[in-house]
Each structure stands twice: as C-alpha cells, then as structure tokens.
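For reference, the chains in residue letters:
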Amino acid sequence: MSDRSFIDNLLSQQHESPAVNQPGLLCLMEFSSGVYFLGGATIALVIGALVYLKATRTWLRLASMLVGLTSAWGIATAGSALYWNGRAESWMGTPGDASTIVRGGFIAWGLFLGLMLAPGLLSMLPGFRSAEPPLN
C-alpha cells in the first residue's frame, strides 16, 4: 500500500464511536475549543520563560520553570481529558476515561519535571557547583 493510499484510507475511514461521526483524522476539528487549551498552554509557557529569563536568582528561575511547566501541562492534560473522555475510536480497546488520562498526564509531568529541574537543583548544592573554565 503506498503512502498516499494509506493517508486517503485514513482520512476517509468512518469511526464507530457515537461521539465521533466524522471521517478519519478530521474528527479532531469537532473539538473546536481545543485551540483555547493550546493557546492557554502556550501563554503559560511563554510567561514562565519570560520570568525565567528576567530572574537573577536561582530559586526564582527554578520556580518559574516549575510554575510555567505545571500550568501548561495542567491545561494540556485538561484539554486531552475533555476531548477523549467517553470517546471510543476503532483502535481503542475501551472508551477514553478522563481519570486515566489525568493520571497518565500527572506521571508524564513528574518525569519531565524531574529531568528538566535536575541540573538546576544539583547546581544549588555546594559540591555540585560548576567549576570555572580553564584559561587557555
């Protein structure tokens, strides 16, 4: 099957879900308020980034990263939970459940936050401060 026929098949496939009665990938357009969740998450990240860039203290930079990421991640998770709650696509074993989506979003947030904040938290410890670069 060529790539083009696969895409055409995917776009024209009818879903069995009573909540989604539109062809293929175009069913995402049904969730018109999704753009507001995307916009809200983007604004939260931008505000967090601006505060991070303006901050001079390490704890304030870490706090801005934490608040920006948590706000954006919460908004995106809420949008996903609202969209998928009760939907059943042909590839899904069971309909989407908001609590499962929120739990998965919380786990992913924790993992991402740990990876993102680890260097900053380590730099606050006295033994882990970066050394001055050697002079050539």
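Described below are features of the structure shown in this document. Everything quoted here is computed from the prediction, not taken from an experiment.

Of the regular secondary structure elements, the protein holds 4 helices and 0 strands. Along the chain direction, N to C, the helices and strands of the protein fall in the order α-α-α-α. Here the protein, with 136 residues, has 22% of them falling under the buried criterion. The contacts in the protein between residues at least 6 apart in sequence include a share of 51% that link residues at least 24 apart. Of the roughly 9,800 Å² of accessible surface on the protein, 69% is carried by carbon and sulfur atoms.

Once that is clear, we can look at the packing of aromatic side chains. Taken as a whole and judged by the stated rule, the model has 4 aromatic pairs. The interplanar angle of 35° and the centroid separation of 5.5 Å between the aromatic rings of W73 and F112 together place this pair among those described as tilted. With W73 in helix 3 (residues 58–84) and F112 in helix 4 (residues 98–124), the pair connects residues that are 39 residues apart, well separated along the chain. Residue F112 is classed as partly exposed on the basis of its relative accessible area, which comes to 39%. An angle of 70° between the planes, with centres 6.0 Å apart, marks the rings of W84 and W91 as edge-to-face. According to the relative accessible area criterion, W84 is partly exposed, its value standing at 23%. Under the relative-accessibility criterion, W91 is labelled exposed at 62%.

So, about the side chain of T77. Within the secondary structure, T77 sits in helix 3. A relative accessible area of 13% means that T77 is categorised as buried. At 2.8 Å, the side chain of T77 forms a polar contact with the backbone oxygen of W73. Excluding residues within four positions of it along the chain, T77 makes contact with I101, V102 and G105.

Moving on, we come to the environment of A63. Tracing the chain through its elements places A63 in helix 3. For A63, a relative accessible area of 28% corresponds to the partly exposed category. Along the chain, A63 and Y52 lie 11 residues apart, while their C-alpha atoms are 8.4 Å from each other.

In terms of nonpolar packing, the biggest core is built from 6 residues, these being L62, M65, L69, W109, L113 and L117. Beyond its immediate sequence surroundings of up to four residues, L117 is in contact with L62 and M65.

Our focus in this paragraph is the packing of helix 3 against helix 4. Close contact between helix 3 and helix 4 brings their axes to 9 Å; oriented N to C, the two are set at 165°. When the interaxial angle is binned, helix 3 and helix 4 end up roughly antiparallel. Of the two elements, helix 3 crosses helix 4, and the hand of that crossing is right-handed. Of the residues contributing to the contact of helix 3 with helix 4, the split by class is 18 nonpolar, 7 polar and no charged.

Conventions and cut-offs
- Residues numbered from 1 in each chain as written.
- Predicted model: local features only at pLDDT ≥ 70, side-chain atom pairs only at ≥ 80, totals over all residues.
- Heavy atoms only, no water.
- Helix = DSSP H or I, 4+ residues; strand = E, 2+ residues; numbered from the N terminus.
- Buried < 20%, exposed > 50% of the residue type's maximum accessible area, 1.4 Å probe, protein only.
- Contact = heavy atoms within 4.5 Å.
- Areas by Shrake-Rupley, 256 points an atom, 1.4 Å probe, with all protein chains shown as cover.
- Phe/Tyr/Trp six-rings, centres within 6.5 Å; stacked < 30°, edge-to-face > 60°.
- Polar contact = N/O pair within 3.5 Å; in protein donor to acceptor, adjacent residues only side chain to side chain.
- Core = buried A, V, L, I, M, F, W, Y, C linked by side-chain atoms within 4.5 Å.
- Axes fitted to C-alpha atoms, helices over the stretch in contact; angles between N-to-C directions.
- Parallel < 35°, antiparallel > 145°, perpendicular 65-115°, else oblique.
- Left-handed = near helix turned anticlockwise from the far one by under 90°.
- Nonpolar A, V, L, I, M, F, W, Y, C, P; charged D, E, K, R; others polar.

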